[in-house]
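Coordinates in review
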Amino acid sequence: MDFAQQLKSQIDIVDVVSEKVRLKRVGASPRYMGLCPFHTEKTGSFSVHQGLQIYKCFGCGVGGDLFKFVMETENITFYESVQMLAERYGIPMPKRSDLADRDSRLREAVYRMHEIAMAHFRSLLHAPQGAESREYLASRGVSMEIAEHFGLGLSDRANGLAQKLQREGFSPDQLDDSGLIMRRQDGSGYFDRFRGRLMFTIHNESGKVAGFAGRAMAKGEEPKYMNSPETCIYKKSHLLYNFHRAKDQARKNGRFVLVEGYMDVIGLASAGIHESVASCGTSLTSGQVKLMKRIADQVTVNFDPDAAGARGAEKSLQALLEEHARVRVLELDRDLDPDEYIREFGVEVYAQLLDRAPNYYFWLADQARKRYDHRTAEGRIQALQFLLPAIQRIADKIERASVAGDLAAYLGVERGLLLEQFKKAALDKREQRLQQPVAPLKSVERILLNAALLHPELREELMPHLAVATLRQFASYPIFQAMVALYAVLPGFAYSDLDARLDEASRDLLSRLVFADDPHDAPSLEDVRRDVMSCLQTLEKGEREARMAELRQRIREAEREGNLQLAMDLTMELDRLRRAN
Ligand SMILES: [Zn+2]
């Protein structure tokens, strides 16, 4: 057993979750319920199963084991979650395995290479070949002092970094994994990934250099922006540009300002607005939103007014709303991006606009106003229909009703009309759901799966019976199939082993089955065995009856065709089955 498994067997997930969530036991069962820490809710749909040591939220769909819970709530890696739990529960960590040693040595080396790279890029910006970049920065109002503060630099065209890193004696493995340089196809050494680009340094949350973005300086050079690839220290879906510097101010102001580009962040910071961040060459991910939400609830989005900016804004808004951030949208007039706007009108004007930025829903209502003629009844209904999907995404009923009321007033629409549209949309949604029925959970499949998962000692009796064809009638048939196959190679399998072999739909079904209400909570092993046996009998009886019905049908057909010999053979078979009953 590895150390993580050992930890898992010694620490109860209920204790760990209880530190973050007030849990209530469901009757005498091994299940607990509480309010989900991953989404906002008023009634608990977050469940923890003590027997299986897993959690699952039936509201937002998250789920996993002890480590996953700690990783997600603390925003740390698997290894860190093992360390944290071992420390908290006073369980001594074994001497680090060679593997962990190799991993941490690699990370350390890659961090060191990034420090060397940043120093290299910085010095080139000040060198004669940096003249053009310095001019560009000056034209964007970035002083050398600010450039220094943000770790701006220039990558050279002569593979200087590759040579430098090799001279420092990093191993080929470490060089390959750095993301900074690349191996030549013919194997004759390395070349620089970034060449002749203005370099932006990307830090992780604790301020360590984790990656770079390079802006093309030569005209027509593609791509305009290039980012570090994913490495052991650069996970772009969990990093935000400037986050480590922005978080103090964001905590004070209760908000982040989300902008599109690195230059926007630098422009805002040099004007004294420090809580701005940008995603690093990707559209915003839920990981990045969670990062911000740990510090501040509100995010004000200020993207470029062009088409690419609008598309980026739309995608980012989706991620923000899904994670229940309070979103405001600032749209600048005259087609200016934040950096340009401040240089033209001054930071005071911009700061005021920022404070007055409308709530997302009012911004959306403004879009609807621009698009539809609200002087006509038809235009007002179109505007409402444009807004409905966003309103329906608000999970909280009271908040949803209040936003809807505010919007109706804002658009000058009667509340009654709005409610009508709401009902219609809800009905459509229900019809859609009815078209794809969710198979109800049968008690037989629930009892058999729970017995096999919770009582490994019953597996030997149970498994040989699970190949029966009648299981095919259940929605959970793929789960049984996977479980029988898994049992053949790993008789002592755990929930996670089975979970890992399932597709998304079966995984969801499995969690619904193990958390489903059980008529007798906390049954004894004997109760479980009795239930299992009676389920198996029911299944076998069902199968026998199906077989008998089929035989009767074939006998009738044989008689009709005058094939008496066949009819007699089949009748004898039917008799044998009947006697066995
Ligand atoms: Zn949830």
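Everything in this summary refers to the structure shown in the same document. Note that this is a predicted model, so its numbers are computed, not measured.

**Concerning the coordination of the zinc ion**
Protein coordination of the zinc ion is provided by Cys36 (SG), His39 (ND1), Cys57 (SG) and Cys60 (SG), with donor distances spanning 2.1 to 2.3 Å. Considering all four donor atoms around the zinc ion, angles at the metal cover 103 to 119 degrees and the coordination shape is tetrahedral. Read N to C, the donor residues that coordinate the zinc ion are spaced as C-x2-H-x17-C-x2-C. Taken as a pair, His39 in the loop between β2 (31-34) and β3 (46-49) and Cys57 in strand β4 (residues 54-57) lie far apart in primary sequence, 18 residues in all. There is no split in this pair, since His39 and Cys57 are both buried.

**Looking at the nonpolar core**
One recurring pattern in soluble globular proteins: nonpolar side chains tend to sit buried together. Counting residues in hydrophobic clusters, the biggest one holds 46 residues, and the most contacted among them are Phe256, Met292, Leu320, Val327 and Tyr360. In contact with Met292, not counting residues within four places along its chain, are Leu240, Phe243, Phe256, Val277, Leu284, Val299 and Leu320. If you look at the next biggest cluster of nonpolar residues, it comprises 38 residues, including Leu137, Leu239, Val257 and Ala278.

**Considering the sheet that holds strand β9 (residues 197-203)**
Strand order in this open sheet of four strands is β6-β9-β10-β11, and the pairing throughout is antiparallel. With one partner strand each, in any of the chains shown, β6 (153-154) and β11 (225-227) form the two edges of the open sheet. Taken together, the two bridges between β6 and β9 define a ladder with antiparallel strand orientation. Residue Leu154 lies in a different strand from β9, and its bridge partner there is Leu198.

**Thoughts on unusual backbone geometry**
Omega for the peptide link from Glu222 to Pro223 comes to -10 degrees, which places this bond in the cis form. Residue placement: Pro223 occurs in the loop between β10 (209-216) and β11. Phi is positive for Gln53, close to 60 degrees, though the residue is something other than glycine. The topology assignment puts Gln53 in the loop between β3 and β4. Positive phi outside glycine occurs at Asn75, with the angle close to 60 degrees. Secondary-structure assignment places Asn75 in the loop between α3 (66-74) and α4 (78-88). Since its relative accessible area comes to 28%, Asn75 is described here as partly exposed.

**Looking at the environment of His374**
As for its position among the elements, His374 is in the loop between α16 (360-371) and α17 (377-392). Separated by 169 residues in sequence, His374 and Glu543 have C-alpha atoms that sit 64 Å apart. Residues contacting His374, with those up to four places away along its chain left out, are Arg369, Arg380 and Leu411.

**Some points on the packing of α16 against α17**
As a packed pair, α16 and α17 sit with axes 9 Å apart at the nearest point and diverge in direction by 150 degrees. Taken together, the axes of α16 and α17 are roughly antiparallel relative to one another. Two packed elements cross with a definite hand, and for α16 against α17 that hand is right-handed. Contacts between α16 and α17 pair Tyr360, Tyr361, Leu364, Ala365, Gln367, Ala368 and Arg371 from the former with Ala383, Phe386, Leu387 and Ala390 from the latter. Taken together, the residues of the contact of α16 with α17 break down into nine nonpolar, one polar and one charged.

**Some remarks on the pairing of strand β15 (residues 298-302)**
Taken across its five residues, β15 has five buried, putting it largely inside the fold. Relative to β15, strand β13 (residues 255-259) runs parallel, the two sharing five bridges. By the bridge assignment for β15, Phe256 is matched with Val299. Relative to strand β16 (residues 326-329), β15 is paired through four bridges, and the arrangement is parallel. Looking at the pairing, Val299 lines up with Val327 of β16.

Conventions we followed
- Residues numbered from 1 in each chain as written.
- Predicted model: local features only at pLDDT ≥ 70, side-chain atom pairs only at ≥ 80, totals over all residues.
- Heavy atoms only, no water.
- Donors = N, O, S within 2.8 Å, 3.2 Å for Na, K, Ca; no water.
- Tetrahedral: all angles 85-135°; square planar, octahedral: opposite > 155°, others 65-115°.
- Helix = DSSP H or I, 4+ residues; strand = E, 2+ residues; numbered from the N terminus.
- Buried < 20%, exposed > 50% of the residue type's maximum accessible area, 1.4 Å probe, protein only.
- Core = buried A, V, L, I, M, F, W, Y, C linked by side-chain atoms within 4.5 Å.
- Contact = heavy atoms within 4.5 Å.
- Pairing = 2+ DSSP bridges.
- Axes fitted to C-alpha atoms, helices over the stretch in contact; angles between N-to-C directions.
- Parallel < 35°, antiparallel > 145°, perpendicular 65-115°, else oblique.
- Left-handed = near helix turned anticlockwise from the far one by under 90°.
- Nonpolar A, V, L, I, M, F, W, Y, C, P; charged D, E, K, R; others polar.

Geometric values such as these leave the question of function open.
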